[in-house]
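# Structural overview
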Amino acid sequence: MRIIPHPVYGVMTKVEYEAISLFAKYEGLLLDPVYTGRAAAGLIDLIRKDSSKKVRTVLFWHTGGQTALFAEKYQRELAQ
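This text gives an overview of the structure that appears in the document. Model, not experiment: these values are computed from the prediction.

## Regarding the environment of A39
Positionally, A39 belongs in helix 2 (residues 36-49). A relative accessible area of 41% places A39 in the partly exposed class.

Here it is as structure tokens:
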């Protein structure tokens, strides 16, 4: 997997890969690497940066993007 220092459209970075893996493992949700994976990575970052220890309910509204899961470019990267 290539590590890109700044997000570029359509290029999966380490943070998107981690978010996609976490959502698949713990929530059973398959996220696309273009939009939803990046949004999930942002959500995870916000949760990790939250210094308060309050219990919160988080809603992540998955709006689609599954077609990108079948793009050959992302299949190779996600299969690693």
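## Some words on the pattern of salt bridges
Opposite charge on two side chains allows them to pair when their charged atoms are near. Evaluation of the coordinates by the stated rule reveals three salt bridges. When the shortest N-O distance is used, the salt bridge between R38 and E16 registers 2.5 Å. Linking R38 in helix 2 with E16 in helix 1 (residues 14-27), this pair joins segments that are 22 residues apart in sequence. For R38, a relative accessible area of 24% puts it in the partly exposed group. Taking relative accessible area as the criterion, E16 reaches 1% and is therefore assigned buried. Of the charged contacts in the structure, one is a salt bridge between K49 and D45, with a shortest N-O distance of 3.0 Å. Remark: D45 and K49 occur in helix 2; sequence separation between them is four residues, near one turn of the helix. Exposure remark for D45: the relative accessible area of 35% places this residue in the partly exposed category.

Thresholds applied
Residues numbered from 1 in each chain as written. Predicted model: local features only at pLDDT ≥ 70, side-chain atom pairs only at ≥ 80, totals over all residues. Heavy atoms only, no water. Helix = DSSP H or I, 4+ residues; strand = E, 2+ residues; numbered from the N terminus. Buried < 20%, exposed > 50% of the residue type's maximum accessible area, 1.4 Å probe, protein only. Salt bridge = Lys/Arg side-chain N within 4 Å of Asp/Glu carboxyl O.

So far we have only geometry, and geometry alone does not tell us how the molecule works.
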